[in-house]
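# Topology and contacts: notes
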Amino acid sequence: MVSQALQSSMSDIEAQWEVVAADTIARTIAEHPDEDFYAAGFWSFALDGQTISPPALALNSESGVTEIDSFGEDNRWNPADWRRSVIMTAHLAMAPAYIDLSELLHGEEWSVWEAVDELQKQAIARVCRRLTERIRDRGAPFDAIPVNSRFVVGIFDGRDGEEETDRLARMSIDAALIQELNLPFLR
């Protein structure tokens, strides 16, 4: 269903995201040493049959957690409401790869677009797991900057309903870590 060229493009995008996200997270934390960053999140996966866009990479710190509704719900795990909800340097760095991917998808049936979207989510989930491990193990480029010991990278995209939110979080975060973090939105 998905051509070898599309699969190869997704592999390249996965490798690029790992570098871009690591550099973006490390640079942001280093530039703001007074903030206690606890999470980076991918969200806003978008495609329309003409283009596929890079998901947004977001970052939040404890000082960025705010109460956002009358029920006392906070924005801790909702990147759309984070102070750094879309880090444009990451988006711009990844845009050329997504332009190429969109060109490869040109003229394909919607089912192929959906299959590539799922491949992308799986790739981003693997990036999240590897980055969380690198950050917690203090691997480069995180060895020279202060990082919260409970820092996590995950897919936190609540726009497609509870079931999809749950699936993406579980796909991108190790089960033991999910239990440690006690993520409130998981069913």
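Residues numbered from 1 in each chain as written. Predicted model: local features only at pLDDT ≥ 70, side-chain atom pairs only at ≥ 80, totals over all residues. Heavy atoms only, no water.

Within the structure shown, the criterion is met by five aromatic pairs. Taking the centre distance of 5.0 Å and the plane angle of 90 degrees together, the rings of Trp17 and Phe42 count as edge-to-face. A residue pair is termed long-range when its members are at least 10 positions apart, and Trp17 in helix H1 (residues 4-31) and Phe42 in strand E1 (residues 37-43) qualify at 25 residues. Here the aromatic residues Tyr38, Trp77, Trp82 and Phe156 are joined through ring pairs into a cluster of three or more. The positively charged end of Arg76 is found above the aromatic ring belonging to Tyr38, 4.7 Å away from the centroid. Of note, Lys121 hangs over the ring of Phe45, and the distance from its end group to the ring centre comes to 5.7 Å. (Phe/Tyr/Trp six-rings, centres within 6.5 Å; stacked < 30°, edge-to-face > 60°. Helix = DSSP H or I, 4+ residues; strand = E, 2+ residues; numbered from the N terminus. Lys NZ or Arg CZ within 6 Å of the ring centre and 35° of its normal.)

Here we come to the environment of Ala46. Here Ala46 shows up in strand E2 (residues 46-47). The sequence separation of Ala46 and Pro146 amounts to 100 residues, and the corresponding C-alpha distance is 33 Å. Those residues in contact with Ala46, other than ones at most four positions away along the chain, are Thr51, Ile52 and Ser53. (Contact = heavy atoms within 4.5 Å.)

Orientation of helix H2 (residues 88-105) relative to helix H3 (residues 110-136), taken along the N-to-C sense of each, is 150 degrees, at an axis distance of 11 Å. Relative to H3, the element H2 lies roughly antiparallel. Handedness of the crossing formed by H2 with H3: right-handed. Contacts between H2 and H3 pair Tyr98, Leu101, Ser102 and Leu105 from the former with Val112, Trp113, Val116 and Gln120 from the latter. (Axes fitted to C-alpha atoms, helices over the stretch in contact; angles between N-to-C directions. Parallel < 35°, antiparallel > 145°, perpendicular 65-115°, else oblique. Left-handed = near helix turned anticlockwise from the far one by under 90°.)

Our focus in this paragraph is H2. In an α-helix, one turn spans 3.6 residues; hence positions three or four apart end up facing the same way. Over its 18 residues, H2 runs 24 Å from end to end, which matches the ideal 26 Å to within 8%, given 1.5 Å per residue. The largest bend along H2 measures about 40 degrees and falls at Ala95, with the proline Pro96 one to four residues further on. Here H2 has its buried residues at Ala90, Met94, Ala97, Tyr98, Leu101, Ser102 and Leu105. Buried residues belonging to H2 abut H1, strand E3 (52-53), strand E4 (56-61) and H3. Remark: Gly107 follows H2 within two positions and exhibits a positive phi of approximately 85 degrees. (Expected span 1.5 Å × (residues − 1). Bend = angle between axes of the 7 residues up to and from the residue. Buried < 20%, exposed > 50% of the residue type's maximum accessible area, 1.4 Å probe, protein only.)

Okay, unusual backbone geometry next. Note that the residue after Ala140, namely Pro141, is joined by a cis bond; omega there is 5 degrees. Along the chain, Pro141 turns up in the loop between H3 and strand E5 (152-155). Phi at Ser44 is positive, roughly 60 degrees, even though this residue is not glycine. Tracing the backbone through its elements, the reader meets Ser44 in the loop between E1 and E2. You can call Ser44 partly exposed: its relative accessible area is 22%. Unlike most non-glycine residues, Arg138 shows phi in positive territory, near 65 degrees. On the secondary structure map, Arg138 appears in the loop between H3 and E5. Arg138 sits in the partly exposed class, given a relative accessible area of 34%.

Geometric values such as these leave the question of function open.
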